[in-house]
Amino acid sequence: MKLFDVYPLMDVTPVSGKGCYITDEQGTEYLDLYGGHAVISIGHSHPHYIQRIENQLEQIGFYSNSVMNPLQQELARKLGKMSGMDEYSLFLCNSGAEANENALKLASFATGKKRVIAFNKAFHGRTSAAVSVTDNERIRANINKGSEATFLPINNVGLVEEELKSGDVCAVIIEGIQGIGGVQIPDDLFLKSLEQLCKKYDCKLILDEIQSGYGRSGNFFAFQKADIKPDIVTTAKGMANGFPIGGVLISPDIEARHGMLGATFGGNYLACAAGLAVLEVMESEMLIKNAAETGDYLLTELGKMDGIKEVRGRGLMIGLEFDTEVAPLRRTLMKEEHIFTGVSSTNIIRLLPPLTLTVEQASVFVRALGRLLAP
Ligand SMILES: Cc1ncc(COP(=O)(O)O)c(C=O)c1O
């Protein structure tokens, strides 16, 4: 059987990883500033992470959600404490799209309404409701068009209020920092207004922190810089350093009932062990502080560089926008400088490294890019 060919692949085959580096089958080592698409939070093959998962596997690897699983409670407690969102409850699932799918469903359950407001360039996943609020016609099939979504420009409060006035909107969904949209940061004031408007018009504010959350921005969640309390927060990617997991953080005024949500694999023992290992390493190695500091270094140094149209981002979520297509530059960075980077659209390089990236490692990239952009 051949693979269903849906991914354009980079010409490299990683066989091992350690910290911020991955090694390919020829033994070449690459600095990983892409983190497998913002997933590698505590670094590749962290010893504590390996130990936690191995120990768990020796005890019990899986049972369904029909029995007590104290690891889920431990994960919820630790996540609540570290994120400062103790009063929320946690629903565990397996991916980012699934987290958003459940978040949208909850908003609709809670309000009885169904239209959603999303924003231009948004990406929220590929399942049915999630893709209906993703601003990319090419990845929406007819079957996904049953959900009603309205796309608006980011940072325009007036347009949001106009739509909310019609009274049929169950949710406003927004990324803490837009990722695939090219590292676009919503204004703090805009997020504050969304919080107020959602209360006023009885709809739920959903913060998609799947890419921007879990310490990446230098806050636990990017929206926390705006000092708001969303109704629902979704998380995935960095949450278990590559072990599939997703989470929905739900405010106390949304009431649970049995059967409302569910997932066979969600919150399984191994996923919880991996998730706990991530939080433990984030805490002991102070990775949120590190993301903020190394991110500041990168933003400052890259901001001084000629040849880049705009540098934007927070912490270790950084976009470098160019006037031209970046594919040749990324290829050279990989082939000649042995540095992995990500991309948004065709002209933005996206940096999403492990949160363990040191200033010294970041400076390797700064020097390499400086050389390549020199006239
Ligand atoms: C902001 C955001 N939301 C949702 C998703 C979907 O996550 P997943 O691929 O785990 O379904 C992504 C993935 O890139 C994302 O960046």
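1. Structural notes on the overall build of the chain
Within the chain, the regular secondary structure consists of 11 helices and 15 strands. Its C-alpha radius of gyration of 20 Å places the chain within 12% of the 21 Å reference for a compact globule of 375 residues. For the chain, the spread of C-alpha atoms along the principal axes amounts to about 55 × 55 × 45 Å. For the chain, with 375 residues in total, the buried portion stands at 47%.

2. Looking at the domain arrangement of the chain
Annotation of the chain at the domain level lists domain 1 (47–284) and domain 2 (286–373). For domain 1 and domain 2, the distance between their C-alpha centres works out to 26 Å. Between domain 1 and domain 2, the residue contacts involve 14 residues of the former and 19 residues of the latter. Taken together, the residues of the side of domain 1 that touches domain 2 sort by class into seven nonpolar, six polar and one charged.

3. A closer look at the site of the ligand
Around the ligand, 14 residues are found, and the nearest of them are Ser95, Gly96, Ala97, Gly125 and Ile210. Here the element with the most residues in the shell around the ligand is helix α4 (residues 96–111); it accounts for three residues. For the shell around the ligand, the per-class residue count stands at five nonpolar, seven polar and two charged.

4. Brief notes about the nonpolar core
By size, the foremost hydrophobic cluster in this structure holds 109 residues, and its most contacted members are Val116, Ala171, Val172 and Ala274. Element by element, the count of residues in this core is highest for helix α8 (residues 269–284), at 11 residues. Looking at which domains feed residues into this core, each of domain 1 (47–284) and domain 2 (286–373) gives three or more. Contact partners of Ala274, with chain neighbours within four places excluded, come to Tyr49, Arg52, Ile53, Ala240, Asn241, Phe243 and Ile245.

5. Considerations on unusual backbone geometry
Despite not being glycine, Tyr214 shows a phi value in the positive range, around 60 degrees. On the secondary structure map, Tyr214 appears in the loop between β8 (204–208) and β9 (232–235). When the 34 C-beta atoms within 10 Å are taken as the criterion, Tyr214 is described as buried.

6. Describing the sheet that holds β9
Strand order in the open sheet formed by seven strands is β4-β10-β9-β8-β7-β5-β6, and the pairing between neighbours is mixed. The open sheet is flanked by β4 (89–93) and β6 (149–152), the only strands paired with a single partner. Adjacent strand axes in the sheet meet at a mean angle of 20 degrees, parallel and antiparallel pairs treated alike. Relative to strand β10 (residues 246–250), β4 is paired through five bridges, and the arrangement is antiparallel. Looking at β10, one finds that Leu92 is bridged to Gly247.

7. Concerning the environment of Ser166
Tracing the backbone shows Ser166 in the loop between α6 (157–164) and β7 (169–175). Classification of Ser166 by C-beta neighbours within 10 Å gives exposed; the count is 10. Distance in space between the C-alpha atoms of Ser166 and Tyr201 is 9.1 Å, their sequence separation being 35 residues.

8. So, the sheet that holds strand β15 (residues 348–351)
Pairing within the open sheet is antiparallel, and its four strands lie in the order β11-β12-β15-β14. Both edges of this open sheet fall to β11 (310–314) and β14 (342–344), since each of them pairs with a single strand only. The mean inter-strand angle of the sheet, taken between neighbouring strand axes irrespective of direction, is 25 degrees. Across three bridges, the pairing between β14 and β15 is antiparallel. Along β15, the bridge assignment pairs Val343 with Ile349.

Rules used throughout
- Residues numbered from 1 in each chain as written.
- Predicted model: local features only at pLDDT ≥ 70, side-chain atom pairs only at ≥ 80, totals over all residues.
- Helix = DSSP H or I, 4+ residues; strand = E, 2+ residues; numbered from the N terminus.
- Rg over C-alpha atoms; globule rule 2.2 N^0.38 Å.
- Buried ≥ 20, exposed ≤ 12 C-beta atoms within 10 Å, placed from the backbone.
- Domains from an automatic or database assignment.
- Contact = placed C-beta atoms within 7 Å.
- Nonpolar A, V, L, I, M, F, W, Y, C, P; charged D, E, K, R; others polar.
- Near = placed C-beta within 6 Å.
- Core = buried A, V, L, I, M, F, W, Y, C linked by C-beta atoms within 7 Å.
- Pairing = 2+ DSSP bridges.
- Axes fitted to C-alpha atoms, helices over the stretch in contact; angles between N-to-C directions.

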